[in-house]
Amino acid sequence: MTVLVTGGAGYIGSHTVLALLEQGEQVVVLDNLSNSVVESLRRVEQLTGRSVTFYHGDIRNAACLDEIFTQYHISTVIHFAGLKAVGESVSNPLEYYQNNVAGTLTLLQQMQQAKVYRLIFSSSATVYGTNATVPYTESAPVGATTNPYGTSKLMVEQVLQDLARAEPHFSIIALRYFNPVGAHESGLIGEDPNGIPNNLLPYISQVAVGKLARLGIFGDDYPTKDGTGVRDYIHVMDLAEGHLAAMRSLPRVNGFKAYNLGTGVGYSVFEMLRAFEKASGITIPYQVLPRRAGDLAACWADTTLAKQELGWKAVRGIDVMMRDTWNWQRQNPQGYQS
Ligand code: NAD
Ligand code: WQD
């Protein structure tokens, strides 16, 4: 039996492929490399001593999916492929709905045709939008998303629920990630954003290696512990292990289930900055800027359900997140081009 990982050359995908290979799974990756390079998978192979079958292709290409489902006995699909830059989704919504929604529809149709009924989908805490209160439980209201990226995740969750209702032989888990950070402890694979990073920790670590001059902090007047935004940062290897736990639970899932993958702990921007400085020994210059449009004051997970039903919880704390972020960035100042 083989696991198909869409978007497996990307940040979270590559770490999950590594965890799957270490568990002895056979893995096929389908990725169009729109936001990744195949070098990530070569390094995963180097780390595990195992090989990954790679298809350079698009989830919107039914023929390509058909070929994979015909060629391999796929038991489960882990579906990471999609676009994820919030600002870009506002300026180019059609691309986002095309890749994230239409792409997922094509994948589901091909799964249906091939009678592959087990799916894990990369959802996001962003589906809770502005309606929920912290800590977010899975039963908190979803909707009121503030950008097309978030709406695309919400739309896919809706499609998955409708599909699971119509065809109960499907077992589908949507994992709502909070803020993924960090890298594999080897420092060989990690997050390699294109251009200037949108997310906090990649930005801080690029300041640390001198690629960027200083961090801009988006607002210090939020009603939080120190005025800066608070988030639930989760180590990418904890996330990867969350996917293994979800995969083990899939046979018990009839229909659709959503789980939060977070730590349940919220850290402010200043706390993240100080923790990074401690791990790296480097002082990060910063300036406080106005708030960024669409940002929430605080967001963290209630992690009870994943603990109870998946038997999973995050085990890596903020010091490990910072150590591994720095280890990756230091060894690969230009990302995979280093
Ligand atoms: P990433 O961009 O590193 O990985 C996504 C991968 O999908 C890339 O390798 C990209 O080349 C590929 N891809 C994109 N469109 C494709 C298509 N049409 N066909 C085939 N491949 C395609 O992003 P990531 O951070 O690893 O995120 C993985 C998933 O998790 C995404 O669905 C993202 O929306 C979701 N997610 C990410 C975060 C985060 O902060 N990183 C948070 C919540 C949810
Ligand atoms: C974290 C905190 C910023 C950058 C985004 C997406 C979300 C999800 C994860 C996919 C906030 C502050 C940031 C900077 C800063 N992705 N910040 N200066 O916004 O919580 O979530 O990524 O699903 O959908 O919106 O993460 O890392 O951008 O921001 O002050 O240069 O850091 O204001 O408080 P966010 P982030």
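Residues numbered from 1 in each chain as written. Chains lettered and ligands numbered in written order. Predicted model: local features only at pLDDT ≥ 70, side-chain atom pairs only at ≥ 80, totals over all residues. Heavy atoms only, no water.

> For the nonpolar core, give the residues involved together with the corresponding values.
Counting 42 residues, the largest nonpolar core has Val17 and Leu175 as its most contacted members. Among the secondary structure elements, those contributing two or more residues to this core are β1 (2–6), α1 (11–22), β2 (26–31), α2 (39–48), β6 (171–177), α8 (236–249), β11 (255–261) and α10 (304–310). Among the elements that make up this core, the one with the highest residue count is α8 (eight residues). Apart from residues no more than four positions distant in its own chain, leucine 175 is found in contact with Ile120, Phe121, Ser122, Ser123, Ser124, Gly242, His243, Ala246, Tyr259, Leu261 and Leu310. With 28 residues, the next largest nonpolar core counts Leu65, Ile172, Ala174 and Ala258 among its residues. (Core = buried A, V, L, I, M, F, W, Y, C linked by side-chain atoms within 4.5 Å. Buried < 20%, exposed > 50% of the residue type's maximum accessible area, 1.4 Å probe, protein only. Helix = DSSP H or I, 4+ residues; strand = E, 2+ residues; numbered from the N terminus. Contact = heavy atoms within 4.5 Å.)

> Describe in detail the site of ligand 1, supporting the description with residues and values.
In the vicinity of ligand 1, 28 residues are found, and the nearest of them are Asp31, Asn35, Ser36, Asn99 and Tyr149. Contact distances for ligand 1 include 2.6 Å between an oxygen atom and a side-chain N or O atom of aspartate 31. A distance of 2.9 Å is found between an oxygen atom of ligand 1 and a side-chain nitrogen or oxygen belonging to lysine 153. Protein burial of ligand 1: of its 820 Å² of free accessible surface, 95% is covered by the chains. Those elements that provide at least two residues to the shell around ligand 1 are α1, β5 (118–124) and α6 (148–166). Top element by residues in the shell around ligand 1 is β5. It accounts for three residues. Split by residue class, the shell around ligand 1 holds 11 nonpolar, 12 polar and five charged. (Near = heavy atom within 4 Å. Polar contact = N/O pair within 3.5 Å; in protein donor to acceptor, adjacent residues only side chain to side chain. Areas by Shrake-Rupley, 256 points an atom, 1.4 Å probe, with all protein chains shown as cover. Nonpolar A, V, L, I, M, F, W, Y, C, P; charged D, E, K, R; others polar.)

> Mind laying out the packing of helix α7 (residues 200–208) against helix α9 (residues 269–280), listing which residues take part and the relevant values?
Between two packed helices, the angle of one axis relative to the other and the distance separating the axes together describe the packing. Put simply, α7 and α9 touch, their axes get as near as 11 Å, and they point 40 degrees apart. Taken together, the axes of α7 and α9 are oblique relative to one another. As α7 runs across α9, the sense of the crossing is right-handed. Taken together, the residues of α9 that come into contact with α7 (itself represented by Leu200, Leu201, Ile204, Ser205 and Ala208) are Val269, Met272, Leu273 and Phe276. When its residues are assigned to classes, the contact of α7 with α9 shows eight nonpolar, one polar and no charged. (Axes fitted to C-alpha atoms, helices over the stretch in contact; angles between N-to-C directions. Parallel < 35°, antiparallel > 145°, perpendicular 65-115°, else oblique. Left-handed = near helix turned anticlockwise from the far one by under 90°.)

> Go over the site of ligand 2, please, and point to the residues and values.
Contacts to ligand 2 come from 19 residues, most closely from Ser124, Tyr149, Gly216, Arg231 and Asp295. At a separation of 2.8 Å, an oxygen atom of ligand 2 approaches a polar side-chain atom of arginine 292. Within the side chain of aspartate 295, an N or O atom sits 2.6 Å from an oxygen atom of ligand 2. Here ligand 2, which alone exposes 690 Å², has 87% of that area covered by the protein. Where the shell around ligand 2 is concerned, the elements lending two or more residues are α7 and β8 (215–218). Broken down by element, the shell around ligand 2 gets its largest block of residues, four residues, from β8. Within the shell around ligand 2, the residues separate by chemical class into nine nonpolar, seven polar and three charged.

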